[in-house]
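# Structure assessment
Below, each chain spelled out in residue letters.
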Amino acid sequence: MALAKISQVAGRGVFVPGNDIDTDRIIPARFMKCVSFDGLGEFVFFDVRKNPDGSPKQHPLNEPRFQGATVLLSGANFGCGSSREHAPQAIQKYGFRAIIAEGYAEIFFGNSTTLGIPCVTATRDDIAKVAAAIEANPQTELVVDLAALEVRFGGQKIKITMRESARDALVNGRWDAIGELLEGVPQVQALAKTLPYLAA
Amino acid sequence: MAKSLFQKVWEAHTVRQLANGQTQLLIGTHLIHEVTSPQAFGMLRDLKLKVAMPHRTFATVDHIVPTDQLVEPYADPLAQAMMNALRQNCAEFGITFFERSTGKQGIVHIVGPEQGITQPGTTIACGDSHTSTHGAFGAIAFGIGTTQIRDVLATQTMALGALKVRRIEVNGKLRPGVYAKDIILHIIRTLGVNGGTGFAYEYAGEAFDRMSMEERMTVCNMSIEGGARVGYVNPDETTFAYLKGRPYSPKGAEWDAAVARWKSFASDPGCQYDDVVKIDAATIEPTVTWGINPGQAIGVGECIPTPESAASVDEKASIVEALEYMKFKAGAPIKGTKIDVAFLGSCTNGRLSDFEEVARYVKGRKVDPRRGRFRVARGRLLDVPRDEPRQTRRRPGLRQFVEPQLQGPPGQPDRPHDPHESAHGRRRRAHRPRRRRPRSFRGLRKVKPLIDTNLH
């Protein structure tokens, strides 16, 4: 399976501030009553974007000036809580192609990488610089560069970091591991024979 | 070289290194359920792949089983569709399905131990963050996403980076009224909700040595609330006693060989840890979460924090948000706070021993109908050995608890969930660990079904 080599993502950004934004805030549990991920995009951040009567709340994703943004910015420990892949699926289906945050919960990070969504890490001060630039001009184009490990925007740039295994997987088009895992199946069968609890 | 259990299990299950430096890890046991697996089977079909080891894949249905309706078709067509999809996928791919009619269905993290599928020195994966529960048995258990479920279905492996290991030792004597849940809340409070990122937690020390398997499961269950994807306790005689005689446990001469093998996986004395944290059991109070994340926990003798008491800008912002959300007064004692809803039956604390403990407290008492609610997940209690349900019925405290105390008034229909109390509503984030979706239990079916109800 040929996968896209994701070495950079370019697009406009939107800043959703806050720490410890959990996967239930990203996609509330009730939207998990489904047998497919289709259509999840419209429910992203649903309960912080909408009142119970369906009217919009004040939220960056509801602001017309940020419509069409493809880079999501946020705070620390983004994606904590439930392991639901529905969260990065909803983010991706909404239209986001990359996330810049101060840090990520482990499972969310892995789930996102597997979907080809780079989750890059930057310092709070640097994220604030990008957020300020977006605020001043929502049309500012951000370039998230996984090769140079920087984000360029409006003539400025900030440094980013990313776990090397994930960066490598994205830039070399290996972010969906299934092809490589399948190649290892003969070795899997051999190893399984050494573990008594796996006997058929 | 002395090694930790994590290192030994990791090495024993390593297939090979992948190009990006991750490990292809063999997953000995794959547990699946209706919420996170249907899309994975869809991906499998798209790729025209089969399930690599159907005999090591076990399914049950838990999250979606309604608490107010046990007979199919469910009133909610989406719930029924998820149930049907799991049933169909298991039939098509030859997977053992512990569905309701088998009497073995229940919370996925408890079915494994109860059936004896969860064993020391093994690797387990399941599409649920609380999969770490199995670590109570000295298994290395990962909560995974749906694409990884596809990977495990197709190859019985997944791509993972190794974790560091932090040993958390709790020594000394626990104070009365301090339970496993208090210990893990204290640990999360101490180390932070993301303090465990990149770590497996090894829980050890006298407090854990003395714990029952149920209590160890409670602690391991909440590892992820502290950011640790994996949490485990080294296997010991308590572990082996629990597993003996379970349906999937080794039998006869195989049992002795298995116990010897399981013992060999325990962390070696003197092995190196990436971090060690020591906690004096006597310092742990009965602990409650007061805010909007599991790290916002305080002892019952403490007061609700004030924004001024925050150690950082982040903590301050979080306290302000939580105070507003919970409508609490900063600095007020938590003791004496009125209970709006008591819910029993979470995947953290939904075992028979938990019900018995609560029964002791509520026996002879009533909930004020003008104010409080008491909710119990309806269904069947898990965690009861195969031969135990009848004994359960004779336990007077529990019987008392189940029949006269929780029976709804005659003629009152089961009520749907109040959105304010379930994972569906706007208050879903409050006390998250204690407000998990109601799930089902096994074992009390011959007593009386439990009914979500007001107590009058």
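This part covers the overall build of chain A. Each helix and strand counted, chain A has 8 helices and 7 strands in total. Counting only C-alpha atoms, chain A reaches 60 × 45 × 25 Å along its principal axes. Every one of the 200 residues in chain A was classed for burial, and the buried ones make up 59%. Taking all contacts inside chain A whose residues are at least 6 apart in sequence as the whole, residues at least 24 apart take part in 67%. Accessible surface computed for chain A: about 8000 Å², of which carbon and sulfur atoms make up 53%. Chain A carries 21 positive and 22 negative side-chain charges, and their two centres are separated by 2 Å.

This paragraph deals with the sheet that holds strand 5 (residues 96-98) of chain B. Residue and element names in this part refer to chain B. Taken in spatial order, the 5 strands make up an open sheet running 5-4-3-6-7, and their pairing is parallel. Where the open sheet ends on each side, the last strands, each with one partner, are strand 5 and strand 7 (140-143). Here the strands of the sheet are splayed against their neighbours by 20 degrees on average, with no regard to which way each runs. Across 3 bridges, the pairing between strand 4 (residues 57-60) and strand 5 is parallel. Across the sheet, residue Thr 60 finds its bridge partner in strand 5, namely Phe 98.

Counting residues in hydrophobic clusters, the biggest one holds 54 residues, and the most contacted among them are Phe78(A) and Val144(A). Setting aside anything within four residues of it in sequence, one finds Phe78(A) in contact with Ile21(A), Ile26(A), Phe45(A), Leu72(A), Ile91(A), Ile99(A), Ala101(A), Gly103(A), Tyr104(A), Ala105(A) and Phe108(A). Phe6(B), Cys90(B), Phe93(B) and Phe97(B) belong to the second-largest nonpolar core, a separate cluster that totals 46 residues.

Residues and elements named next belong to chain B. The alternating pattern of strand 7 places Ile 140 and Phe 142 on one face and Ala 141 and Gly 143 on the opposite face, and all of these are buried. Relative to strand 7, strand 6 (residues 123-126) runs parallel, the two being bridged by 4 bridges. Residue Thr 123 lies in a different strand from strand 7, and its bridge partner there is Ile 140.

Tallying the contact residues gives 53 residues for chain A and 64 residues for chain B. Between chain A and chain B, a total of about 5000 Å² is buried, with carbon and sulfur atoms accounting for 58% of that surface. Area buried by chain A at its contact with chain B is led by Lys33(A), Leu181(A) and Tyr197(A), which between them contribute 15% of it. The tally of links from chain A across to chain B stands at 4 salt bridges. The closest approach of N and O atoms between Arg25(A) and Glu321(B), which form a salt bridge, is 3.9 Å. Run the count over chain A and chain B and you get 18 residue pairs in polar contact (both at pLDDT 80 or more). Every element with two or more residues in the side of chain A that touches chain B is listed here: helix 1 (23-26), helix 3 (86-94), helix 4 (106-114), helix 6 (164-171), helix 7 (178-183) and helix 8 (185-192) of chain A. Here the side of chain A that touches chain B gets 6 residues from one element, more than from any other, and that element is helix 8 of chain A. Residue classes in the side of chain A that touches chain B are distributed as 24 nonpolar, 14 polar and 15 charged.

Okay, helix 5 (residues 124-136) of chain A next. Residues and elements named next belong to chain A. An ideal rise of 1.5 Å per residue puts 18 Å on 13 residues; helix 5 measures up with 18 Å between its terminal C-alpha atoms. Turning to helix 5, its buried residues number three or more, namely Asp 126, Ile 127, Val 130, Ala 131, Ala 133 and Ile 134. One side of helix 5 carries all its buried residues, which in axial view fall inside an arc of 160 degrees. Exposed residues pointing more than 90 degrees away from the buried face of helix 5 are listed as Asp 125 and Ala 136. Taken together, the buried residues of helix 5 touch strand 1 (8-15), strand 2 (71-73), strand 3 (98-101), strand 5 (141-145), strand 6 (150-153) and strand 7 (156-159).

In this model, chain B carries a mean pLDDT of 84, and residues with pLDDT of at least 70 account for 82%. A low-confidence stretch, residues 378-456 of chain B stays under pLDDT 50, and its non-local contacts, those more than four residues away or across chains, total 223 contacts.

To continue, consider the packing of aromatic side chains. This structure, assessed with the given rule, holds 17 aromatic pairs over all chains. Ring plane angle 80 degrees and centroid distance 6.4 Å describe the contact between Phe98(B) and Tyr248(B), whose orientation is recorded as edge-to-face. Here Phe98(B), found in strand 5, pairs with Tyr248(B), found in the loop between helix 9 (237-243) and helix 10 (253-265); they are 150 residues apart in sequence, far enough to count as distant. Accessibility expressed as a relative area gives 35% for Tyr248(B), which makes it partly exposed. Taken together, Phe78(A), Tyr104(A), Phe108(A) and Phe109(A) form an aromatic cluster joined through their ring pairs. Across from the ring centre of Phe199(B), 4.0 Å away, lies the NZ or CZ of Arg166(B), which sits over that ring. When the ring centre of Tyr242(B) is taken as reference, the NZ or CZ atom of Arg246(B) above it lies at 3.9 Å.

Residue and element names in this part refer to chain A. For the coordinates displayed, the defined rule picks out 29 salt bridges over all chains. With a closest N to O distance of 3.8 Å, Arg 163 and Glu 106 form a salt bridge. Taken together, the residues span a long stretch of sequence, with Arg 163 in the loop between strand 7 and helix 6 and Glu 106 in helix 4 at a distance of 57 residues. Here Arg 163 falls in the partly exposed class, since its relative accessible area comes to 42%. Taking the relative accessible area as the measure of exposure, Glu 106 reaches 10% and is therefore buried. With a shortest N-O distance of 3.2 Å, Asp 126 and Lys 129 are connected by a salt bridge. With Asp 126 and Lys 129 both in helix 5 and 3 residues apart, the pair spans about one turn of that helix. Connected via shared salt-bridge partners are Asp 145, Glu 150, Arg 152 and Lys 157.

Residue and element names in this part refer to chain B. Within the element layout of this structure, Glu 34 appears in the loop between strand 3 (29-32) and helix 2 (38-46). Taking the relative accessible area as the measure of exposure, Glu 34 reaches 0% and is therefore buried. Distance in space between the C-alpha atoms of Glu 34 and Asn 89 is 10.0 Å, their sequence separation being 55 residues. Apart from residues lying up to four places away in sequence, Glu 34 is in contact with Thr 60, Val 61, Asp 62, His 63, Ile 64, Met 82 and Leu 86.

About the thresholds
- Residues numbered from 1 in each chain as written.
- Chains lettered and ligands numbered in written order.
- Predicted model: local features only at pLDDT ≥ 70, side-chain atom pairs only at ≥ 80, totals over all residues.
- Heavy atoms only, no water.
- Helix = DSSP H or I, 4+ residues; strand = E, 2+ residues; numbered from the N terminus.
- Buried < 20%, exposed > 50% of the residue type's maximum accessible area, 1.4 Å probe, protein only.
- Contact = heavy atoms within 4.5 Å.
- Areas by Shrake-Rupley, 256 points an atom, 1.4 Å probe, with all protein chains shown as cover.
- Lys, Arg positive; Asp, Glu negative; His and termini not counted.
- Charge placed at Lys NZ, Arg CZ, Asp CG, Glu CD.
- Pairing = 2+ DSSP bridges.
- Axes fitted to C-alpha atoms, helices over the stretch in contact; angles between N-to-C directions.
- Core = buried A, V, L, I, M, F, W, Y, C linked by side-chain atoms within 4.5 Å.
- Buried area = accessible area lost by both parts, 1.4 Å probe.
- Salt bridge = Lys/Arg side-chain N within 4 Å of Asp/Glu carboxyl O.
- Polar contact = N/O pair within 3.5 Å; in protein donor to acceptor, adjacent residues only side chain to side chain.
- Nonpolar A, V, L, I, M, F, W, Y, C, P; charged D, E, K, R; others polar.
- Expected span 1.5 Å × (residues − 1).
- Arc of directions from axis to C-beta.
- pLDDT = per-residue confidence, 0-100.
- Phe/Tyr/Trp six-rings, centres within 6.5 Å; stacked < 30°, edge-to-face > 60°.
- Lys NZ or Arg CZ within 6 Å of the ring centre and 35° of its normal.

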